[in-house]
Amino acid sequence: NNIANCHEARGDYKQALRMHESTLAMRRSVYGDVAHPDIASSLNNIANCHYSRGDYEQALRMHESCLAMRRSVYGDVAHPSIASSLNNIASCHEARGDYEQALRMHESALAMRRSVYGDVAHPDIASSLNNIGSCHYSRGDYEQALRLHESCLAMRRSVYGDVAHPSIASSLNNIAICHKARGDY
């Protein structure tokens, strides 16, 4: 799995996919034909690799399989892994240009994350706010995108403090991009 991730990071998606699929086959031989978190993780890794290479249709199918397995494993309750799958499916829809479906899925992920972590600042909740903001930006709703990115920044500062952090820098960049799109220089 780690070696496959290294190949993916280097852009060698063909080799990464082969290794992720080999890991999936091995996990299925170990756990059988039952729902298991490790098998779901392999499905997620394969889906992410397809996404990275721009095959959003295949990524979507694999993320949906992962979500189904995670729901089978964890039940119909709020769980971080299920929220992560909802987020990944939303990202596939957004990459395909289906912003309405992406928003619905991102909002479901956010609601689940709030259910899991409560009403406190958490990196995953901030990530969901960021993703919803980016989706609004992609569909041209710069005002809503700006509000969400500002909420995300506030939460990230609450989580990480007012120090140099890549997530805070990303939020500042997203806010700047929204201002630019609005013509607010």
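All values reported here derive from a predicted model rather than from experimental measurement.

Conventions adopted
- Residues numbered from 1 in each chain as written.
- Predicted model: local features only at pLDDT ≥ 70, side-chain atom pairs only at ≥ 80, totals over all residues.
- Heavy atoms only, no water.
- Helix = DSSP H or I, 4+ residues; strand = E, 2+ residues; numbered from the N terminus.
- Rg over C-alpha atoms; globule rule 2.2 N^0.38 Å.
- Contact = heavy atoms within 4.5 Å.
- Lys, Arg positive; Asp, Glu negative; His and termini not counted.
- Charge placed at Lys NZ, Arg CZ, Asp CG, Glu CD.
- Buried < 20%, exposed > 50% of the residue type's maximum accessible area, 1.4 Å probe, protein only.
- Axes fitted to C-alpha atoms, helices over the stretch in contact; angles between N-to-C directions.
- Parallel < 35°, antiparallel > 145°, perpendicular 65-115°, else oblique.
- Left-handed = near helix turned anticlockwise from the far one by under 90°.
- Nonpolar A, V, L, I, M, F, W, Y, C, P; charged D, E, K, R; others polar.
- Expected span 1.5 Å × (residues − 1).
- Arc of directions from axis to C-beta.
- Phe/Tyr/Trp six-rings, centres within 6.5 Å; stacked < 30°, edge-to-face > 60°.
- Salt bridge = Lys/Arg side-chain N within 4 Å of Asp/Glu carboxyl O.

Visitor: I would appreciate a short explanation of the overall build of the protein in the present structure.
Guide: The helix and strand inventory of the protein stands at nine helices and zero strands. The globule rule puts the C-alpha radius of gyration for 185 residues at 16 Å, and the 18 Å found for the protein is close to it. Each of the three principal axes of the protein carries a C-alpha extent, and together these read 55 × 35 × 35 Å. Pairs at least 24 apart in sequence give 51% of the contacts found in the protein among residues at least 6 apart. A gap of 4 Å separates the mean positions of the 19 positive and 20 negative side-chain charges of the protein.

Visitor: Can you help me understand the side chain of Asn174 in this one?
Guide: Within the secondary structure, Asn174 is located in helix 9 (residues 166–181). What makes Asn174 buried here is its relative accessible area of 15%. In this structure, Asn174 is in contact with Asn130 and His149, ignoring residues within four places of it in sequence.

Visitor: It is not clear to me how the packing of helix 3 (residues 37–52) against helix 5 (residues 80–95) should be interpreted in this structure. Could you clarify?
Guide: Two quantities define a packed helix pair, namely the angle between the helix axes and the distance between the axes. Following both chains from N to C, one finds helix 3 and helix 5 inclined at 20°, their axes separated by 12 Å at the closest point. Regarding the angle of helix 3 to helix 5, the classification is roughly parallel. Helix 3 and helix 5 meet at a crossing whose hand is left-handed. Across the interface between the two elements, Asn44, Asn48 and Tyr51 from helix 3 touch Asn88, Ser91, Cys92 and Ala95 from helix 5. Looking at the contact of helix 3 with helix 5 residue by residue, the classes come out as three nonpolar, four polar and no charged.

Visitor: For this particular structure, what's the right way to read helix 2 (residues 13–31)?
Guide: An α-helix turns once every 3.6 residues. As a result, residues three or four positions apart point the same way. Along its 19 residues, helix 2 runs 26 Å from first to last C-alpha, staying within 8% of the 27 Å computed at 1.5 Å per residue. When helix 2 is considered as a whole, its buried residues turn out to be Ala16, Leu17, His20, Thr23, Leu24 and Arg27. Along helix 2, the residues classed as buried sweep out an arc of 125° about the axis, all on the same side. Exposed positions of helix 2 whose direction lies more than 90 degrees from the buried face are Lys14, Met26 and Ser29. In the core, the buried residues of helix 2 are packed alongside helix 1 (2–9) and helix 3. Phi turns positive one or two residues past the end of helix 2, at Gly32, with a value near 85°.

Visitor: What am I meant to see in the packing of aromatic side chains here?
Guide: Ring pairs (aromatic) are described by centroid distance and by the angle formed between their planes. Applying the stated criterion to the full structure yields two aromatic pairs. Ring centres of Tyr137 and Tyr142 lie 5.0 Å apart, and the angle between their planes is 55°; on these two criteria the pair is classed as tilted. Overall, Tyr142 belongs to the partly exposed group, its relative accessible area being 29%.

Visitor: Any chance you could explain helix 8 (residues 142–160) here in plain terms?
Guide: Between its first and last C-alpha atoms helix 8 spans 26 Å; for 19 residues at 1.5 Å apiece the expected length is 27 Å, and the two agree. Taken together, the buried positions of helix 8 are occupied by Ala145, Leu146, Leu148, His149, Cys152, Leu153, Met155 and Arg156. The inward-facing, buried residues of helix 8 contact helix 7 (123–138) and helix 9.

Visitor: Hey, could you run me through the environment of Arg96 in this one?
Guide: Checked against the element boundaries, Arg96 lands in the loop between helix 5 and helix 6 (99–117). Among the residues examined, Arg96 registers a relative accessible area of 37% and is labelled partly exposed. Sequence separation between Arg96 and Tyr56 is 40 residues; the distance between their C-alpha atoms is 6.7 Å. Ignoring any residue separated from it by four or fewer positions in sequence, one finds Arg96 in contact with Tyr56, Glu57 and Leu60.

Visitor: How should I be thinking about the side chain of Asn87 in this particular structure?
Guide: Position of Asn87 relative to the elements: it lies in helix 5. Among all residues touching Asn87, those that are not within four sequence positions of it are His106, Ala109, Arg113 and Asn131.

Visitor: What is the right way to look at the pattern of salt bridges in this model?
Guide: A pair can form between side chains of opposite charge whenever their charged atoms are brought close. According to the stated counting rule, one finds five salt bridges in the structure shown. A salt bridge links Glu57 to Arg96, with the shortest nitrogen-to-oxygen separation between them at 2.5 Å. Of the two residues, Glu57 sits in helix 4 (residues 56–74) while Arg96 sits in the loop between helix 5 and helix 6, which places them 39 residues apart along the sequence. Close ionic contact of Glu143 with Arg182 constitutes a salt bridge, the shortest N to O distance being 2.5 Å. Taken together, the residues Glu143 in helix 8 and Arg182 in the segment after helix 9 connect sequence positions 39 residues apart. Members of the salt-bridge network, linked through shared partners, are Glu143, Arg182 and Asp184.

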